[in-house]
Amino acid sequence: MINYIKNKVKELEQEIIKRRRDLHRHPEAGWTEFRTSALAQKKMKELGYTLTTGEKAVSKKEMMGVPTAEELKKHQERAIAQGADPETVKAMEGGLTGFWADMKFSEDGPRLAFRFDMDSNDVTESKDPGHRPVKEGFASVNDGAMHACGHDAHVSIGLAAAQIIAGMKDKLKGSVRFIFQPAEEGLRGAGPMVAAGAVDGVDYIVGMHVGFQAAHKGELICGADGFLASTKWDVRFKGLAAHAGAYPQEGKNALLAACAAAVNLHAISRHSEGATRINVGKLTAGEGRNVIPSEALIVMETRGITSELNDYMVSESGRIIKAAAEMYGCEYSIEVTGGTKSGKSSREMIKLVAEAAGEIPYYTDITELKDFGAGEDYAHMMSAVQEQGGIGTYIQTGIDRTAGHHNNKFDFDETGLAPAAELAAITALKILGK
Ligand SMILES: [Zn+2]
């Protein structure tokens, strides 16, 4: 079977690259992955997988940070104009772009799931003629959106792995599920899919990212601990407008409330039990020079090395925001726009992946475990599997990059894509092989 996988990977390599470039050219940000999802759904159906889509795959009430209906409509129209199947796009109305695809090999046996994220970043891709996607004609045509984190590669790797695994179905037992997740950026997509049952009954789960800490060709990190738990908030302060010259005493100053909150949020005491972070990333307020500002908005996030430490930051933030609003006689409201738990990879699963990687000559530098030190909402899926008695890990597969993730000149050596698909397929064979 290993030889079948090796031959198949070789056969698919050019297709993997071609698909990655097509996705790179048509990036779609969180909850607007209409074209990407339609394309992936079509391929998975052709391969014989059973799809779970729409509200069955994404719990609507758990969705956070969803663009307005008007924006979603624009993105749906764009997806269709860029070649997506209109029926499929229509069925994803409201931003329901996430789906999973199942293949069952036997009634009993292990249930394995893979998770691949699909969304792009809010970055405008470099137009520098030296930037390879520009030079070779696959740079983003969607203004303000760019695959600057490699999720285009993830979808392409996932589809190839699904094809290879479908091709060995007679030799497998149990079942496999491919979860195609929207809105990883902003940590919004995993929660609603878990709530809809994406990992119910899953015994093994694998998530994967190209690059990141595996920043060179041949490198592989089989597991990660120390995913930062995080919470994203939009905080609105509401005061009362008044003439700043004639009747300033009648106003309630929302700008000052927001400023007091911003300064004091950054003064939350550090915690002896571990690392925490806080950032007020945006503050907008006020109407005009001679008006007491009646509205203010803070866009902020907290992080913690454990879910408990993040909870501490969240609770302190809430206290400070409330006090700042009261000090200036303002009202306030908090909208949660994203978040994730912390997480640790299962040791047993790390061993399985390391063994699988031993079969692949590309991987010359294999590390079992690293501290991730950032947020990834896959941690939410992995923890859910572990809570129900299963095991999981998060793989970082090495690529040579031209720039860091989220940079507008991000690009990478695509010879690292086929080995990642091969790794997924061999890991599946190790778990599901008869
Ligand atoms: Zn990413």
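From a predicted model like this one, the values you see are computed outputs, not experimental measurements.

Assigned secondary structure in the protein chain consists of twelve helices and twelve strands. Here the protein chain has a C-alpha radius of gyration of 23 Å; the compact-globule value for 434 residues is 22 Å, and the two agree. Taken along the three principal axes of its C-alpha coordinates, the protein chain extends 85 × 50 × 40 Å. For the protein chain, buried positions account for 53% of its 434 residues. Expressed as a percentage of contacts within the protein chain between residues at least 6 apart in sequence, the contacts between residues at least 24 apart total 83%.

Glancing now at the sheet that holds strand β6 (residues 219-225). Whether parallel or antiparallel, the strands of a sheet pair through hydrogen bonds between backbone atoms. The eight strands are arranged β1-β2-β4-β3-β5-β12-β6-β11 in an open sheet whose pairing can be described as mixed. Sheet topology places β1 (50-52) and β11 (365-371) at the edges, where each strand pairs with a single neighbour. Neighbour to neighbour, the strand axes of the sheet diverge by 25° on average, direction disregarded. With seven bridges connecting them, strand β3 (residues 111-117) and strand β4 (residues 175-181) associate as parallel partners.

Let us look at helix α6 (residues 151-166). One turn of the α-helix equals 3.6 residues, which is why residues spaced by three or four share an orientation. The end-to-end C-alpha distance of α6, which contains 16 residues, comes to 22 Å, matching closely the 22 Å that a straight helix rising 1.5 Å per residue would cover. Counting buried positions over the 16 residues of α6 gives 15, a clear majority of the element.

Let us look at the domain arrangement of the protein chain. Interface size is commonly expressed as the accessible area that is lost once the parts come together. The domain architecture assigned to the protein chain consists of domain 1 (2-227 + 342-432) and domain 2 (229-340). Computed over C-alpha atoms, the centres of domain 1 and domain 2 are 35 Å apart.

Rules of the game
- Residues numbered from 1 in each chain as written.
- Predicted model: local features only at pLDDT ≥ 70, side-chain atom pairs only at ≥ 80, totals over all residues.
- Helix = DSSP H or I, 4+ residues; strand = E, 2+ residues; numbered from the N terminus.
- Rg over C-alpha atoms; globule rule 2.2 N^0.38 Å.
- Buried ≥ 20, exposed ≤ 12 C-beta atoms within 10 Å, placed from the backbone.
- Contact = placed C-beta atoms within 7 Å.
- Pairing = 2+ DSSP bridges.
- Axes fitted to C-alpha atoms, helices over the stretch in contact; angles between N-to-C directions.
- Expected span 1.5 Å × (residues − 1).
- Domains from an automatic or database assignment.

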